[in-house]
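The residues making up each chain are set out below.
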Amino acid sequence: MRFVVCVKQVPDTTEIEVDEETGTIIREGVPSVLNAFDEFALNLAVELKNEVEEDVEIVALSMGPPQAKEALNKCLAIGADRAVLLTDMVFAGADTWATSVTLSRAIKNIGKTDIVFMGQEASDGNTAQVGPEVAAHMGIPQLTFVTEVESVNNSHVVAKKETDEGFVRIKCETPVMIACMPTPGFEPRIPNIREIMKAKKKEYQEWSHEDLGGDPSEYGLDGSESVVIKTYSPPPKGEGIIVDDEPEVAVKKLMDFFEDEGIL
Ligand SMILES: Cc1cc2nc3c(=O)[nH]c(=O)nc-3n(C[C@H](O)[C@H](O)[C@H](O)COP(=O)(O)OP(=O)(O)OC[C@H]3O[C@@H](n4cnc5c(N)ncnc54)[C@H](O)[C@@H]3O)c2cc1C
């Protein structure tokens, strides 16, 4: 059996800079971390591997600049068996469409896969679009907002999915894409020194667009359907007003304020 876990390296700061020309985030040299939703997804994959009888290979897959290797090294220490980094200037500036095209071609290259684990969203773009798009490109079913994967065999998976009303348990045919939602109180497992050392011996590959095939114009900024027209920080909000008088006085003050502001 094989699980592919798609992980993104995201800026570990809110102080991000945007390339004025392309409208995309400048990632080189920015302190970065493994996206928390993906760390949860990887932990679910490792737990499931330890529960099932069949042999399971876990492949960590990421598209990003060369520094994203750090995030994959962490995945190997947490429990992935091998890692692939899709790194090539041709991939730069990709929107979610181009990102999902790149990832789904890489998964095809990796080979027969039973579960594609992804995070529900990335903490920088937050579109939550890539998972469902990868499932669509691969023509496989998708389960989103998954908090637990109870079991898997050669044909089906049973998972717990968060809903507005609570939870549902779903049985679904494999291969399947599962977008994972960290549960409250989820504590990521910190790899110990032995696991970190063992990770250094595990297989790590870097692939470019030539390894995936297709035309360079299908990737990155050229292959993106959406174009960032302008990026800017919202203007700072004016100072708020604090009303902490006795209720009667406070109500009067607020009514006067709303009238003055033409709200009422
Ligand atoms: C502020 C901001 C707004 C943006 N808005 C849009 C937009 O409206 N439309 C648009 O098309 N693009 C948008 N982008 C670009 C988008 O961030 C990139 O395309 C990005 O590669 C994927 O989208 P995401 O970060 O929203 O990922 P999500 O869709 O939120 O990520 C879901 C999951 O997909 C997987 N994944 C995502 N990226 C990668 C990767 N590079 N490598 C491996 N796995 C990955 C991870 O498992 C992740 O948890 C935006 C970027 C920023 C920074």
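Reading the values: rules and limits
- Residues numbered from 1 in each chain as written.
- Predicted model: local features only at pLDDT ≥ 70, side-chain atom pairs only at ≥ 80, totals over all residues.
- Heavy atoms only, no water.
- Helix = DSSP H or I, 4+ residues; strand = E, 2+ residues; numbered from the N terminus.
- Buried < 20%, exposed > 50% of the residue type's maximum accessible area, 1.4 Å probe, protein only.
- Polar contact = N/O pair within 3.5 Å; in protein donor to acceptor, adjacent residues only side chain to side chain.
- Contact = heavy atoms within 4.5 Å.
- Axes fitted to C-alpha atoms, helices over the stretch in contact; angles between N-to-C directions.
- Parallel < 35°, antiparallel > 145°, perpendicular 65-115°, else oblique.
- Left-handed = near helix turned anticlockwise from the far one by under 90°.
- Patch = residues over 30% accessible without salt bridge, like charges linked within 9 Å, V, L, I, M, F, W, Y side chains within 5 Å.
- Areas by Shrake-Rupley, 256 points an atom, 1.4 Å probe, with all protein chains shown as cover.
- Salt bridge = Lys/Arg side-chain N within 4 Å of Asp/Glu carboxyl O.
- Near = heavy atom within 4 Å.
- Pairing = 2+ DSSP bridges.
- Nonpolar A, V, L, I, M, F, W, Y, C, P; charged D, E, K, R; others polar.
- Core = buried A, V, L, I, M, F, W, Y, C linked by side-chain atoms within 4.5 Å.
- Phe/Tyr/Trp six-rings, centres within 6.5 Å; stacked < 30°, edge-to-face > 60°.
- Lys NZ or Arg CZ within 6 Å of the ring centre and 35° of its normal.

Colleague: Please clarify how the side chain of S104 should be interpreted in this entry.
Modeller: With respect to the helices and strands, S104 occurs in helix α3 (residues 96-110). You can call S104 buried: its relative accessible area is 9%. A polar contact is formed between the side chain of S104 and the backbone oxygen of V101, at a distance of 3.1 Å. Here S104 is in contact with V134, H137 and M138, once residues within four sequence places are set aside.

Colleague: Sorry, what's going on with the packing of helix α1 (residues 36-51) against helix α2 (residues 69-78) here?
Modeller: Each pair of packed helices gets described by two things: the angle between the helix axes and the distance between those axes. Axis separation between α1 and α2 bottoms out at 10 Å; the angle between their running directions is 30°. With respect to α2, the element α1 is oriented roughly parallel. Of the two elements, α1 crosses α2, and the hand of that crossing is right-handed. Residue-level inspection shows E39, L42, N43 and V46 of α1 in contact with α2, the latter providing K74, C75 and I78.

Colleague: So what exactly am I meant to see when it comes to a nonpolar patch on the surface here?
Modeller: On the surface, a cluster of nonpolar side chains totalling about 630 Å² of accessible area is made up of I241, V251, L254, M255, F257, I263 and L264. Under the relative-accessibility criterion, F257 is labelled partly exposed at 30%.

Colleague: Teacher, can you tell me more about the site of the ligand here?
Modeller: Around the ligand sit 26 residues in total, of which C6, K8, D38, D95 and T127 are the nearest. Residue D95 places a main-chain N or O atom 3.1 Å away from an oxygen atom belonging to the ligand. Between E121 and the ligand, the recorded distance is 3.4 Å, taken from a backbone N or O atom to an oxygen atom. Elements with a contribution of two residues or more to the shell around the ligand: β4 (57-63), α3 and β6 (115-119).

Colleague: How do you make sense of the sheet that holds strand β5 (residues 82-86) when you look at a structure like this?
Modeller: Adjacent strands of a sheet pair through backbone hydrogen bonds, lying either parallel or antiparallel. Pairing in this open sheet of 9 strands is mixed, and the strands run β9-β8-β7-β10-β6-β1-β4-β5-β11 from one edge to the other. Lying at the two open borders of the sheet, with one neighbouring strand each, are β9 (167-173) and β11 (203-207). Taken pair by pair, the neighbouring strands of this sheet meet at an average axis angle of 30°, ignoring direction. Of the pairings in the sheet, the one linking β4 to β5 comprises 5 bridges and is parallel in character. Among the inter-strand pairings, M63 is bridged to a residue of β5, identified as L86. Of the strands in this sheet, β1 (2-6), β4, β5, β6 and β11 touch α3, which is tilted by about 150° from β4. Across the sheet, helix α4 (residues 130-138) is in contact with β6, β7 (142-152) and β10 (176-180); its angle to β6 comes to roughly 155°.

Colleague: Would you explain the packing of α3 against α4 in this entry?
Modeller: Packing of α3 against α4 brings their axes to within 8 Å, and their N-to-C directions diverge by 50°. As summarised for this structure, α3 and α4 are arranged oblique, according to the angle between their axes. Classified by chirality, the crossing of α4 by α3 is right-handed. Taken together, the residues of α4 that come into contact with α3 (itself represented by T96, W97, T99, S100, V101, L103, S104 and I107) are V130, E133, V134, H137 and M138. Partitioning the contact of α3 with α4 into residue classes produces 7 nonpolar, 5 polar and 1 charged.

Colleague: Looking at this structure, how should I read the nonpolar core?
Modeller: Buried together is how nonpolar side chains tend to be arranged in soluble globular proteins. Counting residues in each nonpolar core, the largest one holds 38 residues, and the members touching the most others are F3, I58, I115, F117, V157 and I178. Of all the elements, α1 adds the most residues to this core, at 7 residues. Here V157 is in contact with I115, L143, V149, S151, V152, I170, K171, C172, T174, V176 and I178, once residues within four sequence places are set aside. Among the nonpolar cores identified, the runner-up in size contains 24 residues, and V101, L103, I140 and A179 belong to it.

Colleague: Please explain the packing of aromatic side chains as it appears in this structure.
Modeller: Given two aromatic rings, one states the distance between the centres and the angle between the planes to describe the pair. Counted under the stated rule, the structure contains 4 aromatic pairs. Ring centres of F40 and F186 lie 4.9 Å apart, and the angle between their planes is 80°; on these two criteria the pair is classed as edge-to-face. Within this pair, whereas F40 is found in helix α1, its partner F186 is found in the loop between β10 and α5 (193-199), the two being separated by 146 residues in sequence. The exposure class of F40 is buried, given its relative accessible area of 4%. F186 gets classed as partly exposed once you look at its relative accessible area, which sits at 22%. When the ring centre of F167 is taken as origin, the NZ or CZ atom of K160, which lies over that ring, is 4.8 Å away.

Colleague: Just checking my understanding: could you explain the pattern of salt bridges for this structure?
Modeller: A pair can form between side chains of opposite charge whenever their charged atoms are brought close. Applying the stated rule across the entire model yields 12 salt bridges. Of the charged contacts in the structure, one is a salt bridge between E195 and R189, with a shortest N-O distance of 3.4 Å. Here the salt bridges share partners, and the residues they tie into one network are R2, E57 and R82.

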